[in-house]
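Report on the structure
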Amino acid sequence: MSEGAGPRSPVGDWTDILRRGARVSAAMMAHSGPQAAIATTPKHEVWRDGKVSLHRYGAPGAEPGPLGPMLILQGLFGRQTITDLEPERSLVRRLLEAGTDLWVIDWGNPTRADRFLDMADYALYWLGDALDRVIAETGRPVALMGICQGGVFALSHAALAPERVAGLALAVTPVDFHADTGEEHPERGFLNLWARNLPAETVDAFLDEHGLVPGAMTGAVFQSLSPLKNAAKYGTDLLGMADDPAALATFMRMETWLADRPDHPAAAARQWLVELYGENRLVQGEFALDGRRVDLGAITCPVLNIVAEQDHIVPPPCARALDGRTNSTAYRLLDVPTGHIGVFVSEKARDIVAPAIADWLATEIGSRETDASALRR
């Protein structure tokens with residue numbers, strides 16, 4: 001500090017902050033509504049059963065890409081729209097450009113009336129009906145791209161109906177829910193630690209009262225895993241976007257996705273929280289859907305296991321645990337230097353994930369000819 005200078009007045013700093021805040025607010029208003037739209041890649045509905053629907057990317061009657069078909073399925077804790085967040089950050093668009101015949105299943109918006117829907121309804125029956133329709137439309141077996149809980153759905157279907165699944169591309173999918181107990185980065189396992197220590201009677205009492213896990217509650221749990229990061233996101237990080245319209249538009253789209261979490265039916269939520277997180281039944285070979293044991297060893301199709309190296313939702317050891325537990329002779333592991341969501345939207349993943357999936361489809365799935373009529377139930 002120069003001689004005679006007093007302490008710096010905070011007025012200049014606060015004036016700058018207020019001006020940035022005003023610019024951010026104006027820009028957010030300008031990017032609201034259609035400007036913040038996500039999942040804008042053209043697609044059309046092919047099949048619907050109640051709230052569940054199946055869509056094919058591209059215009060009706062358009063010539064499909066040579067690499068497909070591949071069906072994307074997310075779980076019930078987030079929307080599949082994360083794969084198509086915005087044109088410049090769209091895994092869907094990159095896969096289409098690579099020649100994939102791409103489909104997606106949307107589970108809709110469960111309500112309290114759906115409280116008795118369990119994972120068998122999603123992973124066996126609705127997914128099975130969707131696969132039947134894709135096979136009927138294309139005459140080809142189908143590769144599944146399962147995301148997080150959707151990856152467990154895909155694994156379960158491939159284990160119980162192995163002849164109907166051409167391949168599994170799994171992204172940030174937990175397999176051994178207790179594998180992070182020795183994790184050298186314990187901050188990655190806060191969700192697992194919390195869920196593992198939920199008493200079954202507490203889960204049952206909550207689900208009996210509410211009939212579901214509200215999507216807003218799920219979002220609050222995820223936000224609580226990194227409170228300092230979230231505080232910065234809505235403070236200094238957001239102010240830093242005042243003069244960066246592109247970054248602010250991406251921020252708005254991500255917030256749109258985060259706010260669109262569906263509610264989770266009680267029966268399926270109990271299986272997820274008690275049987276999988278609490279009791280770790282999947283990796284132990286004790287998890288059952290509709291009375292049928294899910295044996296990972298029954299899976300023989302090619303597998304691409306996509307793991308986020310910085311994932312704090314599904315710690316890497318929990319996803320890597322799939323290695324050696326199937327009977328696939330074509331198993332690939334793809335480590336991506338991002339977090340859980342970054343696999344689908346980050347700059348780092350842009351030139352890694354889509355090319356790897358396209359190469360896997362071309363070399364592992366395209367080379368295996370199967371009579372599609374034999375795959376229908």
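1. What to know about the overall build of the chain
What the chain contains, in helices and strands, is 16 helices and 12 strands. Counting only residues that meet the buried cut, the chain has 54% of its 377 residues in that class. By sequence separation, contacts in the chain at least 24 residues apart represent 79% of the contacts at least 6 residues apart. As displayed, the chain offers around 16400 Å² of accessible surface, 54% of which is attributable to carbon and sulfur atoms.

2. Re the nonpolar core
In this structure, Leu71, Met145, Leu168 and Phe344 are the most contacted members of the largest nonpolar core, which totals 107 residues. Examining the composition of this core, we find that 11 residues originate from one element, helix α3 (residues 119–138), more than from any other. If we skip the residues at most four places from it in the chain, Phe344 touches Ile82, Thr83, Arg89, Leu91, Arg94, Met145, Ile147, Ala171 and Val172.

3. Observations regarding the packing of helix α6 (residues 200–210) against helix α11 (residues 266–278)
At their nearest, the axes of α6 and α11 sit 10 Å apart, and the two run at 165° to each other. Accordingly, the angle class assigned to the pair α6 and α11 is roughly antiparallel. Crossing hand, α6 versus α11: right-handed. Facing Ala200, Val203, Asp204 and Leu207 of α6, the residues of α11 in contact are Ala266, Ala269, Arg270, Leu273 and Val274. Considered class by class, the residues forming the contact of α6 with α11 number seven nonpolar, no polar and two charged.

4. Considering the packing of α3 against helix α4 (residues 149–160)
The contact between α3 and α4 brings their axes to 9 Å, and the two run at 70°. It follows from the interaxial angle that α3 and α4 lie roughly perpendicular. Side by side, α3 and α4 meet where Met119, Tyr122, Ala123, Leu124, Leu127, Gly128 and Leu131 of the first sit next to Val152, Phe153, Ser156, His157 and Leu160 of the second.

5. Side note on the pairing of strand β2 (residues 52–57)
Most of β2 sits out of view: six of its six residues are buried. Across the two faces of β2 the burial is the same, with Val52, Leu54 and Arg56 and Ser53, His55 and Tyr57 all buried. As judged from the six bridges shared by strand β1 (residues 43–49) and β2, these two strands associate in the antiparallel manner. Residue Trp47 lies in a different strand from β2, and its bridge partner there is Leu54. Between β1 and β2, which pair antiparallel in sequence order, lie two residues; one of them, Gly50, sits at a positive phi of approximately 65°. Examined bridge by bridge, β2 and strand β4 (residues 102–106) share four bridges and lie antiparallel to one another. If you follow His55 over to β4, its bridge partner there is Val104.

6. Quick look at the packing of aromatic side chains
For the structure shown, the criterion picks out eight aromatic pairs. With a centroid separation of 5.3 Å and an interplanar angle of 85°, the aromatic rings of Phe177 and Trp272 are classed as edge-to-face. Of this pair, Phe177 sits in the loop between β6 (165–171) and α5 (190–196) while Trp272 sits in helix α11, and the two are 95 residues apart along the sequence. Across the pair, exposure class does not vary: Phe177 and Trp272 are buried alike.

7. Quick word on helix α7 (residues 215–224)
Within α7, the full set of buried residues consists of Gly215, Thr218, Gly219, Val221 and Phe222. Buried residues of α7, viewed axially, fall in a sector of 160°; they line one side.

8. Quick word on the environment of Trp47
Along the polypeptide, Trp47 turns up in strand β1. Once the C-alpha coordinates of Trp47 and Ile105 are considered, the two residues, 58 residues apart in sequence, prove to be 9.5 Å apart. In this view, Trp47 contacts Val52, Ser53, Leu54, Trp126, Asp129, Ala130 and Arg133; residues no more than four positions away in its chain are not counted.

9. Some points on empty space enclosed by the protein
Enumeration over the complete set of coordinates arrives at one cavity of 30 Å³ or more. There is about 30 Å³ of room inside the largest cavity. If you trace the largest cavity, you find it lined by Gln74, Gly75, Leu76, Gly78, Arg79, Gln80, Asp106, Trp107, Gly108 and Pro262. When the residues that make up the lining of the largest cavity are grouped by side-chain class, the tally is three nonpolar, five polar and two charged.

10. Section: the side chain of Arg196
Topologically, Arg196 is positioned in helix α5. A polar contact of 2.9 Å, which involves the side chain of Arg196, links it to the backbone oxygen of Phe177.

11. Digging into the side chain of Asp114
Residue position: Asp114 is located in the loop between β4 and α3. Residue contacts for Asp114: discarding those within four places in its chain leaves Lys51, Asn109 and Pro265.

12. A few points about the pattern of salt bridges
Note that side chains of opposite charge can pair when their charged atoms are close. A full pass over the atoms with the stated rule returns 19 salt bridges. Among the ionic pairs, Arg332 bridges to Glu364, the shortest N-O distance being 3.5 Å. Taken together, the residues span a long stretch of sequence, with Arg332 in strand β12 (residues 331–336) and Glu364 in helix α16 (residues 353–365) at a distance of 32 residues. Of the residues examined, Arg332 reaches a relative accessible area of 26% and is grouped as partly exposed.

13. Regarding the confidence of the model for the chain
Of the residues in the chain, 83% reach a pLDDT of 70 or more, and the chain-wide mean stands at 87. Per-residue pLDDT stays below 50 along residues 369–377; that stretch engages in 20 contacts with residues further than four places along the chain or on separate chains.

Rules of the game
- Residues numbered from 1 in each chain as written.
- Predicted model: local features only at pLDDT ≥ 70, side-chain atom pairs only at ≥ 80, totals over all residues.
- Heavy atoms only, no water.
- Helix = DSSP H or I, 4+ residues; strand = E, 2+ residues; numbered from the N terminus.
- Buried < 20%, exposed > 50% of the residue type's maximum accessible area, 1.4 Å probe, protein only.
- Contact = heavy atoms within 4.5 Å.
- Areas by Shrake-Rupley, 256 points an atom, 1.4 Å probe, with all protein chains shown as cover.
- Core = buried A, V, L, I, M, F, W, Y, C linked by side-chain atoms within 4.5 Å.
- Axes fitted to C-alpha atoms, helices over the stretch in contact; angles between N-to-C directions.
- Parallel < 35°, antiparallel > 145°, perpendicular 65-115°, else oblique.
- Left-handed = near helix turned anticlockwise from the far one by under 90°.
- Nonpolar A, V, L, I, M, F, W, Y, C, P; charged D, E, K, R; others polar.
- Pairing = 2+ DSSP bridges.
- Phe/Tyr/Trp six-rings, centres within 6.5 Å; stacked < 30°, edge-to-face > 60°.
- Arc of directions from axis to C-beta.
- 1 Å grid on protein atoms, 1.4 Å probe; cavity = no way out; pocket = protein on both sides within 12 Å on 5 of 7 lines; lining within 4 Å.
- Points joined across faces, edges and corners; volume = space filled by probe spheres on them.
- Polar contact = N/O pair within 3.5 Å; in protein donor to acceptor, adjacent residues only side chain to side chain.
- Salt bridge = Lys/Arg side-chain N within 4 Å of Asp/Glu carboxyl O.
- pLDDT = per-residue confidence, 0-100.

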